[in-house]
Amino acid sequence: MSEITEHFDVIIVGTGAGGGTLAHTLAPSGKRILLLERGDFLPRQTDNWDPRPVFVDGKYISADTWYDGDGEPFQPQVHYFVGGATKLYGAALYRLRPEDFGELQHADGPSPAWPLDYDDFEPWYTRAEWLYQVHGAHGEDPTEGHWSKQYPWPAVSHEPRVQEISDALAAGGYHPYHAPCGVLLDEADRPRSTCIRCATCDGYPCLVHAKSDAETIAVRPVLDRDNITLLVNAEVERLETDPAGRTVTGVVVSRNGQREVYGADIVAVCAGAANSARILLRSASGRHPAGLANGSDQVGRNYMFHNSKAVVALGKEDNHTVFQKTLALNDFYFAGNGRDWPLGNIQMLGKSNAMAMKGEEPKLTKLAPRWSLDEVARHAVDFWLTTEDVPKPGNRVTVDSGGAIHVAYTPTNDKEADGLYRELRKVLNHVGLSEHHVLDKNFYMSMNVPIAGCAHQAGTCRFGTDPATSVLDVNCKAHELDNLYVVDTSFFPSIGAVNPALTAMANAIRVGEQLLDRMA
Ligand SMILES: Cc1cc2nc3c(=O)[nH]c(=O)nc-3n(C[C@H](O)[C@H](O)[C@H](O)COP(=O)(O)OP(=O)(O)OC[C@H]3O[C@@H](n4cnc5c(N)ncnc54)[C@H](O)[C@@H]3O)c2cc1C
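Residues numbered from 1 in each chain as written. Predicted model: local features only at pLDDT ≥ 70, side-chain atom pairs only at ≥ 80, totals over all residues. Heavy atoms only, no water.

Student: I would appreciate a short explanation of the packing of helix α1 (residues 17–26) against helix α10 (residues 501–519) in the present structure.
Tutor: Any two packed helices are characterised by how steeply their axes cross, that is the angle between the axes, and by the distance between the axes. At their nearest, the axes of α1 and α10 sit 8 Å apart, and the two run at 40° to each other. In the crossing of α1 with α10, the sense of the turn from one axis to the other is right-handed. From α1, A17, G18, T21, L22, T25 and L26 reach across to α10, where they touch A501, A504, M505, A508, I509, V511, G512, E513, L515, L516 and M519. Looking at the contact of α1 with α10, its residues break down into 12 nonpolar, 4 polar and 1 charged. (Axes fitted to C-alpha atoms, helices over the stretch in contact; angles between N-to-C directions. Helix = DSSP H or I, 4+ residues; strand = E, 2+ residues; numbered from the N terminus. Left-handed = near helix turned anticlockwise from the far one by under 90°. Contact = heavy atoms within 4.5 Å. Nonpolar A, V, L, I, M, F, W, Y, C, P; charged D, E, K, R; others polar.)

Student: Would you explain helix α4 (residues 160–171) in this entry?
Tutor: Each α-helix winds once per 3.6 residues, and so residues spaced three or four apart point in a common direction. With 12 residues, α4 ought to run about 16 Å at 1.5 Å a step, and its terminal C-alpha atoms sit 16 Å apart, in line with that. Every buried residue belonging to α4 is among R161, V162, I165, S166 and L169, and all of these are buried. Looking straight down α4, one finds that the buried residues subtend no more than 140° of arc, so they occupy a single side. Exposed side chains of α4 directed beyond 90 degrees from the buried face belong to P160 and A171. Buried residues along α4 sit in contact with β8 (176–178), β15 (327–329), β16 (345–348), β17 (380–387) and α9 (414–430). (Expected span 1.5 Å × (residues − 1). Buried < 20%, exposed > 50% of the residue type's maximum accessible area, 1.4 Å probe, protein only. Arc of directions from axis to C-beta.)

Student: So what exactly am I meant to see when it comes to the site of the ligand here?
Tutor: Residues in contact with the ligand amount to 38 residues; listed here are only the nearest, G18, E37, A92, V236 and A501. Interatomic distance of 3.1 Å between a backbone N/O atom of R38 and a nitrogen atom of the ligand. Burial of the ligand by the protein amounts to 97% of the accessible area it has alone, namely 1000 Å². At the level of secondary structure, the elements contributing two or more residues to the shell around the ligand comprise α1, β11 (234–241) and α6 (273–282). Within the shell around the ligand, the residues separate by chemical class into 19 nonpolar, 14 polar and 5 charged. (Near = heavy atom within 4 Å. Polar contact = N/O pair within 3.5 Å; in protein donor to acceptor, adjacent residues only side chain to side chain. Areas by Shrake-Rupley, 256 points an atom, 1.4 Å probe, with all protein chains shown as cover.)

Student: I would appreciate a short explanation of the sheet that holds strand β14 (residues 307–314) in the present structure.
Tutor: Within the open sheet, the 6 strands sit side by side as β8-β15-β16-β17-β14-β20. Their pairing is antiparallel. Because the sheet does not close on itself, it has two edges, and the strands there are β8 and β20 (438–440). Ignoring strand direction, the axes of neighbouring strands in this sheet form an average angle of 30°. Note that β16 and β17 share 4 bridges and pair antiparallel. Within β17, the residue paired with M348 across the bridge is F383. Across the sheet, α4 lies against β8, β15, β16 and β17, angled at about 25° from β15, the strand it touches most. Each of β14, β15, β16, β17 and β20 touches α9; the most contacted strand, β17, lies at about 150° to it. (Pairing = 2+ DSSP bridges.)

Student: Got a minute to help me understand the side chain of T503 in this structure?
Tutor: By the secondary structure assignment, T503 is in helix α10. By relative accessible area, which is 1% here, T503 ends up buried.

Student: It is not clear to me how α10 should be interpreted in this structure. Could you clarify?
Tutor: End to end, α10 covers 26 Å across 19 residues, agreeing with the expected 27 Å (1.5 Å per residue, within 8%). In terms of residue burial, α10 counts as a mostly covered element, since 15 of its 19 residues are buried.

Student: Looking at this structure, how should I read the pairing of β16?
Tutor: Put simply, side chains in a regular strand alternate between the two faces of the sheet. Side chains N345 and Q347 of β16 all project onto a buried face; the interleaved residues I346 and M348 project onto the opposite face, where all are buried too. Bridge analysis of β15 against β16 gives 2 bridges, and the strand direction is antiparallel. Along β16, the bridge assignment pairs A328 with Q347.

Student: Please explain the pattern of salt bridges as it appears in this structure.
Tutor: Opposite charge on two side chains lets them pair, provided their charged atoms get close. Under the criterion given, the structure shown has 27 salt bridges. Ionic pairing is found between K309 and D440, a salt bridge with its closest N-O pair at 3.3 Å. Linking K309 in strand β14 with D440 in strand β20, this pair joins segments that are 131 residues apart in sequence. Take D440: its relative accessible area is 27%, and that puts it in the partly exposed class. The network of salt bridges with common partners includes R38, D64, E235 and R278. (Salt bridge = Lys/Arg side-chain N within 4 Å of Asp/Glu carboxyl O.)

Student: For this particular structure, what's the right way to read the environment of V438?
Tutor: Mapped onto the fold, V438 is located in strand β20. With relative accessibility at 12%, the residue V438 sits in the buried group. Taking the C-alpha atoms as reference, V438 lies 34 Å from F101; in sequence the two are 337 residues apart.

Student: Honestly, the packing of aromatic side chains in this entry has me stumped. Any pointers?
Tutor: The relative placement of two aromatic rings is captured by the distance of their centres and the angle of their planes. Overall, the coordinates contain 21 aromatic pairs when judged by the stated rule. Their ring planes at 50° and their centres at 6.1 Å tell us that F121 and Y125 sit as a pair that is tilted. One end of the pair is F121 and the other is Y125, both in helix α3 (residues 118–131) and 4 residues apart, which spans about a single turn. A single burial state applies to F121 and to Y125, both of which are buried. Aromatic rings pair up to connect F101, W114, Y118, F121, Y125, F463, F491 and F492 into one cluster. Here the basic side chain of K149 rests over the ring of W130, its NZ or CZ set 4.2 Å away from the ring centre. (Phe/Tyr/Trp six-rings, centres within 6.5 Å; stacked < 30°, edge-to-face > 60°. Lys NZ or Arg CZ within 6 Å of the ring centre and 35° of its normal.)

Student: Explain the pairing of strand β12 (residues 248–255) to me, please; I cannot follow it from the model alone.
Tutor: Bridge count for β11 against β12 is 7 bridges, and the pairing is antiparallel. By the bridge assignment for β12, R238 is matched with V252. Linking β11 to β12, which pair antiparallel, is a turn of 6 residues; within it G245 sits at a positive phi near 80°. Where β12 and strand β13 (residues 258–269) come together, 5 bridges link them in antiparallel fashion. Opposite V252, over in β13, you have V261 as the bridge partner. Linking β12 to β13, which pair antiparallel, is a turn of 2 residues; within it N256 sits at a positive phi near 50°.

So, in structure tokens, the structure goes:
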């Protein structure tokens, strides 16, 4: 066993949606907590809001090389910063539907039931919505579950073009609703608002810290406490256990070229679905030959990241919308009404601009030959389509002898994703856009290299009641260890068809409260 540099009550590995929220939940207890973050603080600079460095140069995509199932290298869209992927996320903070917690049949197989149901999660969703200052309107979307408390802030208002689309959808018999957004915005008293409703929310870092990301909301507010220590540029390499293999005794860190080993009574790995699996797999030992907590051979398996599509519809009239992510539609979320399968969620995306579209120029100029790129962007209306991908054991993260991540992934539910796209095209005809003027928006979330667009990665350490088929118990503690928890999107047994971050945040609060009880 390695010599321990310092011992804490709790070590949290990673400071994103899961780890940051967990730290925020545990901090008031006074317990000594060490946060280990592989990245640094994301610098606040004008580039934060500039589409060229963000989308063309990929300035905030962290350097890392992963390999696909054929061993081909690719650069994943990962963001190693304090706040993790939430530094770049769109802050669309959705709850799963109640049915997502049960078993649902899909074109490519079942989406399994969770060991807990929506009612179990509801109080934690409410806590997460209030912590992350979500704007929305519970009650508008007919597919949503019950809620115990309205959102803390009213829905972000639609700009005129989006309002027209919403009205046209409602007139056509659809059920549009206000998308839940995590922004520090006070529309009733704008001068007091941190958020200026700019176009650079989705996929950009927020220069003025007005996006409800994990750094701004969860980590920074606890950093001045004496019981919290944050080490940045501290990459956790592996975990060591006692001889019995039941207790994590050492967290091995590479920091500034030095090897350091920290100890804690409780260790929570929250490094994101691929990297959490990587840490466990790299921690193989005599007691855990296939990787830590991996007696079930489930660590790394069931990797999911949604079958998603970003599209741009080009309308005849100008679209002057600045903050476009205010509208969503769940009319096709479930099977029924002539649909054999659940298709998923449609929401609006951050507004395209000419610079970000540069890579799409050849296709764009074919669709609108007489328009300049600026004109194309001015006419663009942007949509994000999310279809659930179902967990498959063969879709998995493994680690090679050098510690590099390999992702073997075969897409699922293409049939459903195609169905959702067809529904979108019908929708467009209802709202004054044409189904014939639609193109893929590949620059968003690295969608031109599908496997690299791992923004919604989940599922590699699923929770469950059966140690033979799951890695974690219902409290997200590893079945095989007494003090190891995994508290990020890894725990998802299925991913539903809405963005995952709110569920990771709600779960981190849930697990955090359970840990407070345990430590008390
Ligand atoms: C462009 C983009 C847009 C998105 N938009 C949305 C959206 O609108 N709504 C939504 O719900 N979701 C969105 N997402 C997804 C959302 O951000 C993630 O689902 C969420 O952040 C996952 O939380 P996590 O805790 O699992 O991982 P992360 O938030 O990524 O946190 C993992 C942390 O662990 C750190 N880490 C990794 N390895 C190590 C290691 N070995 N040692 C120490 N630290 C380590 C990382 O640096 C990171 O800080 C988006 C993501 C992206 C990239």
